[in-house]
Amino acid sequence: LYFPGYGNPELRPEKGRNFEFSVSGRAGAGRWAVNAYETRIDNLIAYDATAGAPANIARARIRGVEAVYAVRLGGFDIRATATLLDPLSDGGRYAGNVLPRRARRSGRLDIDRAFGDVSVGATLFAAGRRFDNLSNTTVMGGYATVDLRLVWRLHDHWRLQARVENLFNHTYETAATYNQPGRSVYLGVGWQL
């Protein structure tokens, strides 16, 4: 609301309603689920790149469908998710425009495998193009990243963990002019009861 040089003290709080319908089941050795939802929001707070500040969108409607399939094949745990989104401004000056910074299509594939006390995994995530502003004039391209992870169970409660995010050092933005981190390596020790 009041960040110096950026805030908008005229912002009103968001109010929303959400409806969701899910079905799931088994298909062969795997499990599947389909989730459909609709969210209607009054006074959605979104960044307006044209104004350089957050603003209220009178009414917004976000519809989506997410499909998930998970299976264990040859010792590998595989999980695929695909999301289709229809995020629209539903009234006012920007009626019919796509809400900023929301990709209409995205997907994720996770593959993991355990070898005794060591488990390894990889994630491929991809998102389609999206707009950075309410007027839909600033287009940001789609992107894909690959992440790797390794966990070594040292004891019942202790684990060594390592992960590499954005393995191929892909340059991408989720907000215009704000590059996401390049290749990043994380090491850690975990303890769990």
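Each chain has its residues counted from 1, following the order in which its sequence is written. Restriction of local features to residues with pLDDT of at least 70 applies here, the model being predicted, together with a cutoff of 80 or more for giving and counting side-chain atom pairs; totals for whole chains, interfaces and linings are based on all residues. Think of the side-chain values as coming from all heavy atoms in the structure, minus any hydrogens and water.

Trainee: Give me the lowdown on a nonpolar patch on the surface, citing residues and values where you can.
Mentor: Taken together, the side chains of F115, V120, L150, W152, L154, W158, L160, V189, W191 and L193 define a hydrophobic patch exposed on the protein surface, amounting to about 1,000 Å² of accessible area. Where the nonpolar patch is concerned, the elements lending two or more residues are β9 (143-153), β10 (158-165) and β13 (184-191). Here W158 is to be found in strand β10. For patch building, the residue pool is restricted to those with more than 30% relative accessible area and no salt bridge; the joining distance is 9 Å between like charges and 5 Å between nonpolar side chains (Val, Leu, Ile, Met, Phe, Trp, Tyr). Here, Shrake-Rupley sampling with a 1.4 Å probe gives the accessible areas, and only protein chains in the shown set may cover a residue. Basic side-chain nitrogens of Lys or Arg form a salt bridge, by our definition, when they fall within 4 Å of a carboxyl oxygen of Asp or Glu. What counts as a helix is a DSSP run of H or I of at least four residues, what counts as a strand is a run of E of at least two, and both are numbered from the N terminus.

Trainee: Break down the nonpolar core for me, with residues and values.
Mentor: Each nonpolar core is a collection of buried residues, namely Ala, Val, Leu, Ile, Met, Phe, Trp, Tyr and Cys, held together in the definition by side-chain atoms within 4.5 Å. Relative accessibility decides the category of a residue: with a 1.4 Å probe and only protein chains considered, values under 20% of the type maximum give buried, values over 50% give exposed, and everything between is partly exposed. Judged by nonpolar contacts, I41, L44, A46, I57, A60, I62, L85, Y94, L99 and L134 together constitute the single largest core of 10 residues. Among the elements of the structure, β2 (30-48) and β3 (53-73) are those that each provide at least two residues to this core. Only heavy atoms enter the contact rule, under which two residues are in contact if any of them lie within 4.5 Å. Not counting the four nearest positions on each side in its chain, L99 is found in contact with L44, I57, A60, I62, P87, L88 and S89.

Trainee: If you had to explain the environment of T137 to someone new, which residues and values would you point to?
Mentor: By secondary structure assignment, the location of T137 is in the loop between β7 (130-131) and β8 (139-140). Assessed through its relative accessible area of 61%, T137 is described here as exposed. Taking the C-alpha atoms as reference points, T137 and W158, separated by 21 residues in sequence, lie 50 Å from one another. Distance and chemistry together define a polar contact, namely a pair of N or O atoms within 3.5 Å, with one atom able to donate a hydrogen and the other to accept it when in protein, and with adjacent residues in sequence counting only for side-chain atoms on both sides. Among the polar contacts listed, one links the side chain of T137 to the side chain of S135, at a separation of 3.3 Å.

Trainee: Summarise the side chain of R130; cite the residues concerned and give the values.
Mentor: Relative to the elements of secondary structure, R130 occurs in strand β7. Buried within the structure, R130 lacks any salt-bridge partner; E173 is the closest side chain of opposite charge, at an N-O distance of 6.9 Å. Reaching out from R130, the side chain makes a polar contact with the backbone oxygen of G128 at a distance of 3.3 Å. What R130 contacts, discounting residues up to four positions off in sequence, is R101, R102, A103, T138, V139, M140, G141, G142, Y143, E173 and T174. Positive charges come from Lys and Arg alone, negative charges from Asp and Glu alone, with His and the N- and C-terminal ends not counted.

Trainee: Residues and numbers for the packing of aromatic side chains, please.
Mentor: For Phe, Tyr and Trp, where Trp contributes only its six-membered ring, two rings pair if their centres lie within 6.5 Å, and the inter-plane angle classes them as stacked under 30 degrees, edge-to-face over 60, or tilted in between. Here the structure, examined in full by the defined rule, presents 3 aromatic pairs. Between Y143 and Y172 the ring centres are 4.2 Å apart and the planes differ by 15°, which places this aromatic pair in the stacked class. Highlighted residues: Y143 in strand β9 and Y172 in the loop between β10 and β11 (173-175), separated in sequence by 29 residues. Across the pair, Y172 and Y143 agree in class, each one buried. Taking the centre distance of 6.4 Å and the plane angle of 55° together, the rings of W158 and W191 count as tilted. With W158 in strand β10 and W191 in strand β13, the pair connects residues that are 33 residues apart, well separated along the chain. For W191, a relative accessible area of 51% translates into the label exposed. Every member of this aromatic cluster is reached through a ring pair, and the members are F125, Y143 and Y172. In this arrangement the basic side chain of R113 is found over the ring face of F76, its NZ or CZ atom lying 4.9 Å from the centre. The residue whose ring lies beneath R163 is Y186, and the NZ or CZ to ring-centre distance is 4.2 Å. In our convention, an over-ring charge means Lys NZ or Arg CZ found within 6 Å of a ring centre and within 35 degrees of that ring's normal.

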